[in-house]
Amino acid sequence: MDLFSTTDYVAKVFKVTSASQPPERTGQFYNMSSNDGGVINVGLDTNGLSVTDAYLPTFGGLVRYRYNTAKTLFEPASPSYLPAIPQSGPGGPLLENTEFISLVHVNDPLVQNPLRVLTVSGTGAFLEWQIDLSKNPLPSSRVLPEFGVPALGYPPATTWTPSSGPFYSNDIAVIANGNGQWVLTDLTNFDYLPGDTAAKYMKFALLAYQFDEVSDHRWEHKATGVVHDNTSNGLSYALGPSAALTAVVDIHRELDWAIVGHDMGFASFDIRGLKVPGAEAIGFGQNVSLSGNQSVNDDKYGTSAVAHVRVSSIVNIPVFGRVFVFANQNPLDSNKPALHVYAFDEGTGWIGDSSKNPIRTYKMSDIEAMGYPTQRLSRGVRMRFRQFPGQDAGKLYLCTESDVLRFAYDPDTDPDSLTLEAYFPNAATDGIHDCAWYSLPQVGAGLKQMVVRDREGFSIIPAE
């Protein structure tokens, strides 16, 4: 009897009645740990028929689900599971985490499998999973920085292993900016010791990888932006015993800035330099500490969701953006969660007013006054904002531990105002991690949202 196989269900439940009787399998499922996100691809199978496949990281592997049009639901596709053990790349083969996930079609006619799933591994690296013609993932390759980042205390790639130091990374984003295709990942050193001081500081960076479609046909580390340590400009934080991690990487509409959320706040990185061939660079904009009347560190879960929304036309006001932040604690409101709205200068990267404070804060009671159930708004590990692509006004979705909240947003009427329209209740035990939108013709007309739960799969809901 097959009790475990890497091409079968990862977790199986057995009932053992006696030593003389074989165990009875009573249940099975793919993942025993977190789904930090998910992606969906609509394509053609080997027979030229349209298929819809979902890919979820399992915090130690990758699994595929396929939409069954007859049953009108997604089913696990077997064999499709692969453990996160890279077969190529520096440092392999070693078991990796699979944190957040992204999907990309590389623009290279010479590669055999242009569809790729990317998962950030928690080590500063990311894993690339080529997807074959059957839409199954192939064994992953490990992509590492090709040079050290001395300002972060990051060792050169030649000596880097997952145990080299107190580093971690959580998120991954894919962009195409006219200078090729890019992967952006975060990286935190949460045990940095600047100078001779005994205090520990967090330092974090944004790493950029460009796909070389001319010669090497692979991802290459091209640029790094670093939030400097306390000895240079006071932008890091003295920490207690708990580790501080980066959380969410959100990309400016015009691909000029990246907003990186971290445990103690969030920062803007200037990525306009990635558009310059041969001189690619990442600059630093502004760091905001969530402290005082904004938020406080909640172990590893201070800043949960960060989103940047471009404000295109506000009468008599220069073109400014807005950064929306869902923070886990507001000390002026009994440490309840809060939603902050910050102004964002799209020229300099400055966030907030002259003191880097938000221009509006929605307390839990404010959101409840819009019709949300009392005491239901909950903090959590990693929530996200999502917005319809190409829109300044419209709908803004907040994924929380409890629900997906849908806000109406019209910057021309009031750039700082959010109005709760509806919420999708989470009936499962585990919290929601993401709610990205997709066009899924096989599932139904209109945009759909893939609502990913921590250990309980995902749901497809109408996005409007």
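Per chain, residues are indexed from 1 in the order of the written sequence. For this predicted model, a pLDDT threshold of at least 70 governs which residues receive local features, and a threshold of 80 or more governs which side-chain atom pairs are given and counted, while totals over whole chains, interfaces and linings are taken from all residues. To obtain the side-chain values, all non-hydrogen atoms of the structure were included, while hydrogens and water were left out.

> What's the story with the overall build of the protein chain in this structure? I'm lost.
Helix numbering and strand numbering both begin at the N terminus, where a helix is a DSSP run of H or I of at least 4 residues and a strand a DSSP run of E of at least 2. Per the secondary structure count, the protein chain includes 1 helix and 31 strands. The proportion of buried residues among the 464 residues of the protein chain is 55%. Whether two residues are in contact is decided by their heavy atoms, any of which lying within 4.5 Å being enough. Sequence separation of at least 24 residues holds for 52% of the intrachain contacts in the protein chain that already meet a minimum separation of 6. Of the accessible surface of the protein chain, which amounts to about 18500 Å², a share of 51% is contributed by carbon and sulfur atoms. To sort residues, take the accessible area from a 1.4 Å probe on protein chains only and compare it with the maximum for the residue type: under 20% means buried, over 50% means exposed, and anything in between is partly exposed. Using the Shrake-Rupley algorithm and a 1.4 Å probe, accessible areas are obtained, with residue cover drawn only from the displayed protein chains.

> I tried to follow the sheet that holds strand β31 (residues 458-462) on my own but got confused; where do I start?
What holds strands together in a sheet is hydrogen bonding between their backbones, with the strands either parallel or antiparallel. The pairing criterion is simple: DSSP has to find at least two bridges between the two strands. Reading across the sheet, the 3 strands line up as β29-β30-β31 and stay open at both edges, with antiparallel pairing between neighbours. Two strands lie at the open edges of the sheet, namely β29 (432-439) and β31, each paired on one side alone. If you compare each strand with its neighbour and ignore which way they point, the axes differ by 25° on average. Between the N-to-C directions of two axes lies an angle of 0 to 180 degrees, each axis being a line fitted to C-alpha atoms and, for a helix, fitted only over the stretch in contact.

> Before we go on, may I ask you to explain the nonpolar core in this structure?
Burial of nonpolar side chains together is a common tendency in soluble globular proteins. As used here, the term nonpolar core means buried Ala, Val, Leu, Ile, Met, Phe, Trp, Tyr and Cys residues forming a set that is joined through side-chain atoms within 4.5 Å. Judged by nonpolar contacts, the single largest core of 25 residues is most densely connected at Ala54, Met450 and Phe458. Looking at this core, the elements that each hand over two or more residues are β3 (39-44), β4 (50-57), β5 (61-68), β9 (115-120), β10 (126-130), β29 and β30 (447-453). Element by element, the count of residues in this core is highest for β5, at 4 residues. Excluding residues that lie within four positions of it along the chain, Phe458 makes contacts with Ala54, Leu56, Tyr65, Phe74, Met450, Val451, Val452 and Arg453. Core analysis: the next-biggest nonpolar cluster, separate from the first, contains 19 residues, Ile175, Ala208, Ala258 and Ala267 among them.

> I tried to follow unusual backbone geometry on my own but got confused; where do I start?
Glycine aside, residues mostly have negative phi, and peptide bonds are mostly found in the trans state. Despite not being glycine, Thr72 has its phi angle at roughly 50°, a positive value. Note on Thr72: relative accessible area 54%, which makes it exposed. Even without being glycine, Lys356 reaches a positive phi, approximately 65°. Structurally, the position occupied by Lys356 is in the loop between β23 (336-345) and β24 (360-363).

> Hey, could you run me through the pairing of strand β18 (residues 257-262) in this one?
β18 sits mainly inside the fold: 6 of its 6 residues count as buried. Looking at chain direction, β18 and strand β19 (residues 265-270) are connected through 6 bridges and run antiparallel. Note on β19: the bridge partner recorded for Ala258 is Phe269.

> What exactly am I supposed to notice about the environment of Asp353 here?
With respect to the helices, strands and loops of the structure, Asp353 is situated in the loop between β23 and β24. For Asp353, a relative accessible area of 30% translates into the label partly exposed. C-alpha separation for the pair Asp353 and Tyr342, spaced 11 residues apart in sequence, amounts to 7.7 Å. Pairs of N or O atoms are called polar contacts if they sit within 3.5 Å, as long as, within protein, a hydrogen donor faces a hydrogen acceptor (for residues adjacent in sequence, only side-chain-to-side-chain pairs). Within polar-contact distance, the side chain of Asp353 engages the backbone nitrogen of Asn357 at 2.8 Å.

> Explain the sheet that holds strand β11 (residues 141-143) here, please?
On the basis of which strands lie adjacent, the open sheet formed by 4 strands has the order β8-β9-β10-β11 and antiparallel pairing. The open sheet is flanked by β8 (101-105) and β11, the only strands paired with a single partner. Ignoring which end each strand starts from, the neighbouring axes of this sheet average 30° apart. As judged from the 3 bridges shared by β10 and β11, these two strands associate in the antiparallel manner. Within β11, the residue paired with Phe126 across the bridge is Val143.

> Which parts of the structure should I look at to understand the confidence of the model for the protein chain?
For any part of a model where pLDDT is low, the fine detail of the predicted coordinates should not be relied upon. Confidence scores per residue from the predictor, reported as pLDDT, run from 0 to 100. For the protein chain, per-residue confidence averages 75 on the pLDDT scale, and 69% of positions sit at 70 or higher. By mean pLDDT, strand β21 (residues 303-309) is the weakest element of the protein chain at 56, and β8 is the strongest at 95. Overall, residues 1-8 carries pLDDT values under 50, and its contacts beyond four positions in sequence, including any with other chains, amount to 19 contacts.

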